[in-house]
Amino acid sequence: MISTLNGALDDIFGAMKLRRVWIALAHEDIGDQHRRTTLGPLWLLVNYLAFVGTFVFVFQPAGKDAAGYSAYVAIGLMVWFYLMEVITVSVSLFKREQSFIEGTTLPLFVYVMRLTVQSAIRAGYAIAGCIVILLISGPALTTAWLWSLAGLLLILLATPAIIAIFAFTGAFFPDSEFIVGNLMRVGMFFTPVFWVNNGQDPIQTYAYNWNPFTSFLEVVRHPILSDEFPGHDFALTGAFTVAAWVIALMLLGRYRRQVVFMI
Amino acid sequence: MVSVKLDNVSLVYKLHEKLTLSAPDRRMNDTGGRIASSGRKQFVQALDGVSFELKAGDRLGLVGPNGAGKTTLLKVLYGIYEPSEGNITIDGKVDALFNINIGFRPEATGRRNIVLRGLISGWTEAEIEEKMEEIIAFSELGDFIDLPFKAYSQGMAARLAFAASTALEPEILLMDEWISAGDASFQEKAKRRMDELAEKAGIIVLASHDQSLIERVCTKTLTLRHGRVESIAMTPMEAA
Ligand SMILES: Nc1ncnc2c1ncn2[C@@H]1O[C@H](COP(=O)(O)OP(=O)(O)O)[C@@H](O)[C@H]1O
Ligand SMILES: [Mg+2]
C-alpha cells in the first residue's frame, strides 16, 4: 500500500518537475491540430457556438423563458463536451503515446498532464463562447458566478485523475475504447445537458438523480442560473474527485511499469 | 564513479491473445527469443540470465542476429522495461536513443525540436540555450535548421538526434542501430564524439550489425543469441 502510493507520488512529482515538457507539447499539439487552417483553434469556438445554436433552436421549450434556456444549454454543452472529450480521448492516450513510452523514461503522468493542458486550452474557447452567450442572453452578473468558477476549477482538479483512470483502462482492456466512446455518445441523452428536469417524467428524474455527470454540470450551471450555491452538487462532485484521485493513485502506483508491456 | 552492473537479468514479453497471430513462426526459429505459452497467453523470453559489468571508459558493442535481444537489453539498461528477474545497478546519468524520430515533431523546425528534445531529456532552458549553436554546428544542417523537421532526410534526422543526445555529455550513452543511418563523414564525426565521451570516463553501449562500426568504436563486444550472452570479449583492434 505504502509502496504503491510512493510509486504513484514519484511518478507525479517527476512529471511536475518536467512541467515545461508537457506545457510545450500541449501547445504544439493544439498548434498542429489546426495548422494550415485559416481560423486555427477558433474553429473550436465556431463548433461550440454551432452546437449551442442548434440545440437552442430545436429544443427550446415552447412558451418558456427563451433566454434562460440558452444559458442552460450553453453551460451544459460546455461542461459536457469537455468531459466527453477528456474521457473518450483518454482511453487511447497510452496507445497514442506509444513511441514516447517505448523510447523514453518520462513519467506516465507527463502524458496525463499533456492531455490535461490540451483539454483545458481547448475548453478555453468554449468558455469564451459561453461567456458571450451568457452576457447576451441575460442572467445577471452576480457574485454567484464565482461559485460557477469554483465549480469549473473543481472539474479541472478532477481532470488528471479521470484521464489517468481511463488511460489505464484503455491500456489494459483495448475494447474499452469502443465501449467508452459509445457510452459517452449515448450518455448525452441521459444527462441533463439540453433537457430540463421538471420532475414529471420519472425516467428523466431518475437519470437526473443517478447520473454522476449531473453534479459536474450543476456545480457550474446552478450558481449562474439560480444565483445560489448548490451545496449538494458540490459535495457530490468533490466526493467523485477524491474517489477518482484515490483510484488514479492506485493505478499509477501499481501498474505504471506494466503499461509499456501492454500497449 | 560511472558503472553498470547486470546480475542475472531476464525479461519476458507477455503476448496477449490478439497479438499472438504476429508471433514469429516456430519452425524456423533461428532468430528471436524463446517462445513459450501457457493457456491463452504466450511469452517471449527476450533476455535470459544476462550478467555483465561495465566500468568507466568501457565502450560495449552489442551484436547478434535479429531478435537476439539487443534492443530489449538497451531498454532494460535505460529503465524503460523493468526486468522480470535479476538486478541492475547503474551509476551515472543515462541518455539513450532508440528511435531517431522520438520527440521530434514533423511540423516544428529543427531549432524548436532541439528545445523540445532538450526539455524531454530534462535539460534546463539555460542548458538548451547554451548548447543550441553547438548542436546546430555539429549536425551541419545549416539553413535547414529553420525548416520543419518533416523536410529532413533520415540521415539528417540522425545527425540532429545524435548531436542533441550527446551535447550534454551523458555519462552513459545507449544507442541502437539507427546510428548507421548517417553517411561516412557523419559516422567519422560521431566516432570522434564517442571517443571524447569515453575518454571523459563515460560508458557507451552500442548495438549494431555493422561489424566495422563496432570495431572502430567499441572496446568490448557482447554477443547475444536467443537472449543469452554467448560471449563477451575485447574487440579486436582495427589495424592502425
Ligand atoms: N514489444 C514486444 N512484444 C513482444 N515481443 C517482443 C517485443 N519486442 C521484442 N520482442 C521479442 O523479443 C526478442 C528480442 O527482440 P529485440 O530485443 O528487438 O532484438 P534485436 O534488437 O536484437 O533484434 C525477439 O524475439 C522479439 O520477437
Ligand atoms: Mg533491435
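Our subject is the structure that appears above.
Since this is a predicted model, take the numbers as computed values, not measurements. (Residues numbered from 1 in each chain as written. Chains lettered and ligands numbered in written order. Predicted model: local features only at pLDDT ≥ 70, side-chain atom pairs only at ≥ 80, totals over all residues. Heavy atoms only, no water.)

1. Observations regarding the site of ligand 1
Residue and element names in this part refer to chain B.
No. 1: As a matter of local geometry, ligand 1 sits amid 14 residues, with Gly33, Gly67, Lys70, Thr71 and Thr72 nearest to it.
No. 2: Contacts to ligand 1 include Ala68, whose backbone N or O atom sits 3.2 Å from an oxygen atom.
No. 3: Residue Thr71 places a side-chain N or O atom 2.7 Å away from an oxygen atom belonging to ligand 1.
No. 4: Burial of ligand 1 by the protein amounts to 73% of the accessible area it has alone, namely 560 Å².
No. 5: Of all the elements in the fold, those that place two or more residues in the shell around ligand 1 are strand S1 (3-15), strand S3 (41-55) and helix H1 (70-78).
No. 6: If you tally residues by element for the shell around ligand 1, the top one is H1, at 3 residues.
No. 7: The residue inventory of the shell around ligand 1, partitioned by class, reads 6 nonpolar, 7 polar and 1 charged. (Near = heavy atom within 4 Å. Polar contact = N/O pair within 3.5 Å; in protein donor to acceptor, adjacent residues only side chain to side chain. Areas by Shrake-Rupley, 256 points an atom, 1.4 Å probe, with all protein chains shown as cover. Helix = DSSP H or I, 4+ residues; strand = E, 2+ residues; numbered from the N terminus. Nonpolar A, V, L, I, M, F, W, Y, C, P; charged D, E, K, R; others polar.)

2. Considering the environment of Arg105 of chain B
No. 1: Tracing the backbone through its elements, the reader meets Arg105 of chain B in the loop between strand S6 (94-97) and helix H2 (110-120).
No. 2: Judged by its relative accessible area of 12%, Arg105 of chain B is buried.
No. 3: Along the chain, Arg105 of chain B and Phe149 of chain B lie 44 residues apart, while their C-alpha atoms are 6.7 Å from each other.
No. 4: Apart from the residues lying within four places of it in its own chain, the contact partners of Arg105 of chain B are Leu25, Glu28, Asp29, Asp32 and Arg114 of chain A together with Asn113, Leu116 and Phe149 of chain B. (Buried < 20%, exposed > 50% of the residue type's maximum accessible area, 1.4 Å probe, protein only. Contact = heavy atoms within 4.5 Å.)

3. Here we look at the interface of chain B and chain A
No. 1: Each partner contributes residues to the interface: chain B has 24 residues there, and chain A has 23 residues.
No. 2: For the chain B and chain A pair, buried surface summed over both sides reaches about 2,200 Å², with 57% attributable to carbon and sulfur atoms.
No. 3: Taken together, the connections running from chain B to chain A amount to 6 salt bridges.
No. 4: Measuring nitrogen to oxygen at the nearest pair gives 2.8 Å for the salt bridge that ties Asp32 of chain A to Arg105 of chain B. (Buried area = accessible area lost by both parts, 1.4 Å probe. Salt bridge = Lys/Arg side-chain N within 4 Å of Asp/Glu carboxyl O.)

4. Here we look at the packing of helix H7 (residues 108-137) of chain A against helix H8 (residues 144-172) of chain A
Residues and elements named next belong to chain A.
No. 1: Close contact between H7 and H8 brings their axes to 10 Å; oriented N to C, the two are set at 150°. As H7 runs across H8, the sense of the crossing is right-handed. Contacts between H7 and H8 pair Leu108, Phe109, Val112, Met113, Leu115, Thr116, Ala120, Ile127, Leu134 and Leu135 from the former with Trp145, Leu152, Leu156, Thr159, Pro160, Ile163, Ala164 and Phe168 from the latter.
No. 2: For the contact of H7 with H8, a count of residues per class yields 16 nonpolar, 2 polar and no charged. (Axes fitted to C-alpha atoms, helices over the stretch in contact; angles between N-to-C directions. Left-handed = near helix turned anticlockwise from the far one by under 90°.)

5. Description of the pattern of salt bridges
No. 1: A full pass over the atoms with the stated rule returns 25 salt bridges over all chains.
No. 2: Arg20 of chain A is the partner of Glu125 of chain B in a salt bridge, and the nearest nitrogen-oxygen pair spans 3.3 Å. In this pair, Glu125 of chain B is assigned in helix H3 (residues 125-139) and Arg20 of chain A in helix H2 (residues 19-33), connecting two distinct chains.
No. 3: Overall, Arg20 of chain A belongs to the partly exposed group, its relative accessible area being 38%.
No. 4: A salt bridge links Asp58 of chain B to Lys220 of chain B; the shortest N-O distance between them is 3.5 Å. Remark: Lys220 of chain B occurs in strand S9 (residues 220-225) and Asp58 of chain B occurs in the loop between S3 and strand S4 (59-63); sequence separation between them is 162 residues.
No. 5: The class for Asp58 of chain B is buried, based on a relative accessible area of 8%.
No. 6: Members of the salt-bridge network, linked through shared partners, are Glu28, Asp29, Asp32, Glu97 and Arg114 of chain A together with Arg105 and Arg112 of chain B.

6. Notes on the layout of surface pockets
No. 1: A volume near 900 Å³ is recorded for the largest pocket.
No. 2: If you go around the largest pocket, you meet 36 residues; those closest to its centre are Thr104, Thr105, Leu106 and Pro107 of chain A together with Tyr78 of chain B.
No. 3: Within the residue set of the lining of the largest pocket, elements represented by two or more residues are helix H1 (2-17), helix H6 (98-103), H7 and helix H13 (259-262) of chain A together with S6 and H2 of chain B.
No. 4: The residue makeup of the lining of the largest pocket, split by class, is 18 nonpolar, 10 polar and 8 charged. (1 Å grid on protein atoms, 1.4 Å probe; cavity = no way out; pocket = protein on both sides within 12 Å on 5 of 7 lines; lining within 4 Å. Points joined across faces, edges and corners; volume = space filled by probe spheres on them.)

7. Quick look at the sheet that holds S4 of chain B
Residues and elements named next belong to chain B.
No. 1: Strand order across the open sheet formed by 6 strands is S6-S7-S8-S4-S9-S10, with mixed pairing between neighbours. Each having just a single partner strand, S6 and strand S10 (228-234) make up the two edges of the open sheet. The sheet shows a mean angle of 15° between the axes of neighbouring strands, taken without regard to direction.
No. 2: Sheet topology note: the strand S7 (residues 172-175)/strand S8 (residues 203-207) ladder contains 4 bridges and is parallel. Its bridge partner being in S8, Leu173 is matched across the sheet by Ile204. (Pairing = 2+ DSSP bridges.)

8. Overview of the packing of aromatic side chains
Residues and elements named next belong to chain B.
No. 1: All told, the structure shown has 26 aromatic pairs over all chains when counted by the stated rule.
No. 2: Geometrically, the ring pair formed by Phe104 and Phe149 is tilted, given 4.6 Å between the ring centres and 35° between the ring planes. One end of the pair, Phe104, is in the loop between S6 and H2; the other, Phe149, is in the loop between H3 and helix H4 (154-167), and 45 residues separate them in sequence.
No. 3: A relative accessible area of 7% places Phe149 in the buried class. (Phe/Tyr/Trp six-rings, centres within 6.5 Å; stacked < 30°, edge-to-face > 60°.)

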